[in-house]
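This is what each chain is made of:
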Amino acid sequence: MVLFGLIGQIAWVVENMYFSRFMQNEITRAPYATTLLVAFSAAFATLATLIGGALCDRTGKRKVFICWGYIVWGFTIAAFSLVPMKPSADKVLPMVILVVAMDCIMSVIGSISNDAAYNTWVTDVSNTANRARVDTVLAIMPLLAMAVVFGGFDSLTNANATVNDWQKFFVIMGVMPTLGGIIGLFVMKDAKGVYANKDNTFVNDFIYSLKPKTIKENKMLYVCLSGFTVASVSYQVYINYLFNIVETTLKIKDYIIPVGIIMVLAAGISVVVSVAMDKHGKRNFYYPTVIIGSLGCVVIYCSKFFIGKNEKALLALLIIGGVLAMGVNLVMSGLFTASYRDYIPHGKEGLFQGCRIVMYVLIPMIFGPLFAQGVINAMNKGVADSDIVYPMELFLVSAVVLLFCLIPSKIVRNAQDEKHRELMSELEENI
C-alpha cells in the first residue's frame, strides 16, 4: 500500500506541480496556460477513472491495471524530456497545446492505474476500523512524494535550470513508476473474495456513479465527497503556483529547508490526528480542521508584509501557516475519504471511483485554477506575461473557499456515530 501510494504520488506531484512549473518557467507565465493544463488533464483523468473503475469491477481484477499501468505511466512522464523549451512568441501557443495534450495522455494512464485500480484495491483491503488511519497515511504520500522530488531533484527545475536539467528530471521521474510497476508484478496480490461482476452493461457501469438514481440511493456518500471537493478547490487555488510564489514572490532563494520543515511537521501532525480519529471517532474533528486550515492560509498571506524587510518573520509565518494549511489538507482527506469508503456498497468499489474523481479532481482542478487566474489577472493588470508575479492574495481566496467546507462537515458529522456503530457491528460479526 505504501509502496504504490508513494510511487503513484511521486508521479502525480510531477503532474500537479512540476508540469505547471515547467509551463510557467519554460513555455509561458501567462495564467491561461496553467489553467488549460490543469483543467484538461482533470477532464481526461475523470473520463479515464470512470472507464478504469468499471473495468476493475467487471473483471474482478486490480493488480493487472495497477502494475502494467504504472509501467506505461513512467514512459509518458519521460516523454516530456523531448518537448522543445523557450519557444519564440509565435510558437508559444502550439507549445502550450503540445504540453497540455501530453499531460492528458499521462493523466489517462495514471488515472486508470492509480485513481481507479489502486484506490479500488485500497477499499478492498481496508475496513471501517482502520480507514481513517489508512486514508490519512495515503494522504501523507503526496507530501512524502514532494519531499523525494523536491529534496532530491528540485535543483533540476528551478529558475536556473537548463534544457538538459529538465530532460534529466523527466527521465528520472519516469523511471520510478515503471520500476514500481515491475516490482508490483511480483509482490502485489488482489484481495480475496473479489469476483468479476458483469451483471450490467459496460455503459451502465461507466455512468453508474453519476446516475441520479445512484446519487439518490447513496446521498451520504456524495455528501462525504462534497466535503473534500470544497477542500480540494481551496487547495487548487494556490498549489499550482506554490513553487514560484516561494521563489519569486516571497524571494526566498534557499527554500528547501523551510519547505522541508513544513512537509515533515504537517505529515507528522496528520498521522497523530489520524490515530486519534480511529480511536475516538471522526465526529469531533470536522469543525476544528476546517477553521485551522483557513487560519493557516491567512497566516501564509500575512508573510507578504515582511518581504524584503524581515526574513526571519517571513519564514516563521510561512512555516507556521504552511504546517497548518498542509496538515489540514491531509487530515481533511482522511476525514472525508474514510467516511466516503464507509458508505460504498459492497461489490461496487470500482464503480464508485468515478464519482470520487469527478468531485476530487475534475471540479477542483477546473474551479481552483479559474479562481487563481482571476486573482492573478486582477493583481497584474497591464503587466507583460514575462513579468507576471503570482500574488499572495491567492491564499486569502483559498481561506474563504475552505470555510464553505463547514456545510458538508455538519451533515457528515451528524450521521457519523450511527454509521460507525453499524459498520463496527458488521466487522465484529465477520471476525
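Our subject is the structure listed above.
Please read all numbers here as calculations on a predicted model, not as lab measurements.

Enquirer: When you look at the overall build of the chain in this model, what are you seeing that I'm missing?
Expert: Broken down by element type, the chain carries 16 helices and zero strands. For the chain, the spread of C-alpha atoms along the three principal axes comes to 60 × 45 × 35 Å. Considering the chain as a whole, with its 431 residues, one finds that 58% of them fall into the buried category. Long-range pairs, those at least 24 residues apart, make up 86% of the contacts in the chain between residues at least 6 apart in sequence. Split by element, the accessible area of the chain, about 17,700 Å² in all, is 68% carbon and sulfur. Positive and negative charge centroids in the chain, built from 34 and 29 side chains respectively, lie 2 Å apart.

Enquirer: I'm lost on a nonpolar patch on the surface in this one. Help?
Expert: A cluster of nonpolar residues, L3, V171, V175, L179, I182, I183, F186 and V187, forms a patch on the protein surface that exposes about 730 Å² of accessible area. A per-element tally of the nonpolar patch places helix 6 (residues 163–187) first, with seven residues. Structurally, the position occupied by V175 is in helix 6.

Enquirer: Is there a simple way to think about the pattern of salt bridges in this case?
Expert: Should their charged atoms come close, side chains of opposite charge can pair. For the structure shown, the criterion picks out seven salt bridges. Between R62 and D124 there is a salt bridge; the shortest N-O distance is 2.6 Å. A residue pair is termed long-range when its members are at least 10 positions apart, and R62 in the loop between helix 2 (31–59) and helix 3 (63–78) and D124 in helix 4 (residues 92–125) qualify at 62 residues. The burial state of R62 is the same as that of D124; both residues are buried. For the salt bridge of E393 with K304, the shortest nitrogen-to-oxygen distance reads 2.8 Å. Remark: K304 occurs in the loop between helix 12 (286–302) and helix 13 (311–342) and E393 occurs in helix 15 (residues 393–403); sequence separation between them is 89 residues. Looking at E393, the relative accessible area reads 16%, which means it is buried. By relative accessible area, which is 28% here, K304 ends up partly exposed. Within this structure, R21, D154 and E247 form a network of salt bridges that share partners.

Enquirer: For this particular structure, what's the right way to read helix 13?
Expert: The periodicity of an α-helix, 3.6 residues per turn, causes residues three or four positions apart to be oriented the same way. The terminal C-alpha atoms of helix 13 lie 46 Å apart, and with 32 residues this matches the ideal 46 Å at 1.5 Å per residue to within 8%. Judged by how many residues are buried, helix 13 sits mostly within the fold: 24 of 32 residues are covered. Among the residues of helix 13, the N-terminal cap falls to N310, whose side-chain oxygen and the backbone nitrogen of K312 are separated by 3.2 Å.

Enquirer: How should the side chain of E15 be read in this particular structure?
Expert: With respect to the helices, strands and loops of the structure, E15 is situated in helix 1 (residues 2–27). Nearest to the buried, unbridged E15 among oppositely charged side chains is R356, at 13 Å. Beyond its immediate chain neighbours, meaning those up to four positions away, E15 contacts S20, S41, D103, M106, S107 and M365.

Enquirer: What should I look at first to understand the packing of helix 3 against helix 6 in this one?
Expert: Contact pair helix 3 / helix 6: the axes reach a minimum separation of 7 Å and the direction vectors enclose 165°. In terms of orientation, helix 3 and helix 6 fall into the roughly antiparallel class. Considering how the two elements wind past one another, helix 3 and helix 6 form a crossing that is left-handed. Residues K63, C67, W68, Y70, I71, G74, F75, I77 and A78 of helix 3 form the contact with helix 6, whose participating residues are F170, V171, M173, G174, P177, T178, G181, I182, G184 and L185. For the contact of helix 3 with helix 6, the residue count by class is 13 nonpolar, five polar and one charged.

Enquirer: Sorry, what's going on with unusual backbone geometry here?
Expert: Most peptide bonds are trans, and most residues other than glycine sit at a negative phi. Its identity as a non-glycine residue notwithstanding, K86 has a phi of 50°, on the positive side. Topologically, K86 is positioned in the loop between helix 3 and helix 4. We classify K86 as exposed; its relative accessible area is 57%. Backbone geometry at K251 places phi at a positive 60°, although glycine is not the residue there.

Enquirer: Explain helix 4 here, please?
Expert: Over its 34 residues, helix 4 extends 47 Å from the first C-alpha to the last, a length consistent with the 50 Å expected when each residue adds 1.5 Å. Bending of helix 4 peaks at approximately 45° at the position of S111.

Enquirer: When you look at the environment of I256 in this model, what are you seeing that I'm missing?
Expert: Position of I256 relative to the elements: it lies in helix 11 (residues 256–280). Residue I256 is classed as partly exposed on the basis of its relative accessible area, which comes to 45%. When the C-alpha positions of I256 and S155 are compared, they lie 9.8 Å apart, and in sequence the two are 101 residues distant.

Enquirer: Is there a simple way to think about the side chain of N25 in this case?
Expert: Within the element layout of this structure, N25 appears in helix 1. Overall, the relative accessible area of 16% leaves N25 in the buried class. At a separation of 3.4 Å, a polar atom in the side chain of N25 contacts the side chain of N244.

Rules and cut-offs
Residues numbered from 1 in each chain as written. Predicted model: local features only at pLDDT ≥ 70, side-chain atom pairs only at ≥ 80, totals over all residues. Heavy atoms only, no water. Helix = DSSP H or I, 4+ residues; strand = E, 2+ residues; numbered from the N terminus. Buried < 20%, exposed > 50% of the residue type's maximum accessible area, 1.4 Å probe, protein only. Contact = heavy atoms within 4.5 Å. Areas by Shrake-Rupley, 256 points an atom, 1.4 Å probe, with all protein chains shown as cover. Lys, Arg positive; Asp, Glu negative; His and termini not counted. Charge placed at Lys NZ, Arg CZ, Asp CG, Glu CD. Patch = residues over 30% accessible without salt bridge, like charges linked within 9 Å, V, L, I, M, F, W, Y side chains within 5 Å. Salt bridge = Lys/Arg side-chain N within 4 Å of Asp/Glu carboxyl O. Expected span 1.5 Å × (residues − 1). Polar contact = N/O pair within 3.5 Å; in protein donor to acceptor, adjacent residues only side chain to side chain. Axes fitted to C-alpha atoms, helices over the stretch in contact; angles between N-to-C directions. Parallel < 35°, antiparallel > 145°, perpendicular 65-115°, else oblique. Left-handed = near helix turned anticlockwise from the far one by under 90°. Nonpolar A, V, L, I, M, F, W, Y, C, P; charged D, E, K, R; others polar. Bend = angle between axes of the 7 residues up to and from the residue.

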